[in-house]
Amino acid sequence: MNTRKRLFIGLLLLSLLVIIALIFMGWMLALNSHKLLSYILLVIMGTIVLFFLGGIALGLMILIVNLWRAKTTPSMQNLISAAINFLFPLALSIGRAFKIEEEKIKRSFIIVHNELVLNQKLFFKPADILILAPHCLQWSGCPHKITLDVQNCKRCEKCVIDKLHGVCEKYHVNLVVVTGGTFARKFVKEKRPKAVIAIACERDLTSGIQAVHPLPVIGVLNLRPNGPCFNTTVNISRVEEAVCHLLEQHCLKLPCQKPFEINLPHGNLLVRNVEKG
Ligand code: SF4
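These lines cover the structure that appears in this document, whether it is placed above or below.

A few words now on the pattern of salt bridges. Overall, the coordinates contain 12 salt bridges when judged by the stated rule. A salt bridge links R155 to E169; the nearest nitrogen and oxygen atoms lie 2.8 Å apart. Here R155, found in the loop between β1 (129-134) and α5 (161-171), pairs with E169, found in helix α5; they are 14 residues apart in sequence, far enough to count as distant. Residue class for R155 comes out partly exposed when judged on its relative accessible area of 30%. Taking relative accessible area as the criterion, E169 reaches 52% and is therefore assigned exposed. A cluster of three or more residues bridged by salt bridges with shared partners is formed by E103, R107, E202 and R224.

Put into structure tokens, the structure is as follows:
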């Protein structure tokens, strides 16, 4: 497991230990009171909490094993997600206490999440895949309103929106440009894509991925050479790799029969055989 993944997993484990320690301390305190009723209540509460924590611990263990083996356990996906969603806020707080940059923790979460999605080896028709891009990718001086209709882009090549159109034309997937996280969630709810490639900053990707769960989302971080939310850009090959990963085999018609190698967002290589185009 690489260092970036270890940060997120390490903080999750630490969160779990903190909760267990707190409960254990409460338990010891109450046991000292010698009152029968409080003892019975405590046993009941303790059993419930331990059952809950057992589930969270199991989810976390399966997550670690899955990442280690680069495989997935589909029947345990909900348990894994519950463990992440429950422990993530605490992991962030602990990270802050240790003066670890919040963005770094969120980046680690996105890498882990991407890997979980990629390990599921889910494949979709082009029409079911949506590239969700933030408005800040558009050149600030562009007069065209592409958030209403992305086809309003005149493909002048002044920003990366032109290249995103190129990816959509090549693979026949959908593209939408949204003004913010709220609109992105609303759009996903209405249009119901089966898989999303979301381009955004650490904060928006983290909240977006959690908000649309269990929809498979591959997160691609935007690049911010001019600071946040202004004339941002994205590594277009990362987007294309994500599209290729999610597409059904017969949709990847390339003019060769050699295995098609894809550099996945977490650095590994996925090799898929493609038919002759
Ligand atoms: S590529 Fe499209 S969105 Fe970007 S500046 Fe040109 S017209 Fe505007």
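Let's pick the thread back up.
What follows covers the site of the ligand. Every one of the 13 residues lining the ligand counts as a neighbour, but C142, C153, K154, C156 and C159 are closest to it. Its atoms largely coinciding with the cavity grid, the ligand occupies the largest cavity. Here the shell around the ligand is built from residues that sort into 6 nonpolar, 2 polar and 5 charged.

Along the chain, the position of L87 falls in helix α3 (residues 77-97). Expressed as a C-alpha distance, the spacing of L87 and L11, which sit 76 residues apart in the sequence, is 8.7 Å. Leaving out residues up to four positions away in the same chain, L87 has contacts with L12, S15, L16, I19, I56 and L60.

What follows deals with the packing of aromatic side chains. For the structure shown, the criterion picks out 5 aromatic pairs. Measuring from centroid to centroid gives 4.8 Å for F88 and F109, while their planes differ by 25°, and the two rings are stacked. Of this pair, F88 sits in helix α3 while F109 sits in helix α4 (residues 102-119); the two residues are 21 residues apart in sequence, bridging distant segments of the chain. F109 shares its class with F88; the two are buried.

Cut-offs applied
- Residues numbered from 1 in each chain as written.
- Predicted model: local features only at pLDDT ≥ 70, side-chain atom pairs only at ≥ 80, totals over all residues.
- Heavy atoms only, no water.
- Salt bridge = Lys/Arg side-chain N within 4 Å of Asp/Glu carboxyl O.
- Helix = DSSP H or I, 4+ residues; strand = E, 2+ residues; numbered from the N terminus.
- Buried < 20%, exposed > 50% of the residue type's maximum accessible area, 1.4 Å probe, protein only.
- Near = heavy atom within 4 Å.
- 1 Å grid on protein atoms, 1.4 Å probe; cavity = no way out; pocket = protein on both sides within 12 Å on 5 of 7 lines; lining within 4 Å.
- Sits in = over half its atoms within 2 Å of the grid points.
- Nonpolar A, V, L, I, M, F, W, Y, C, P; charged D, E, K, R; others polar.
- Contact = heavy atoms within 4.5 Å.
- Phe/Tyr/Trp six-rings, centres within 6.5 Å; stacked < 30°, edge-to-face > 60°.

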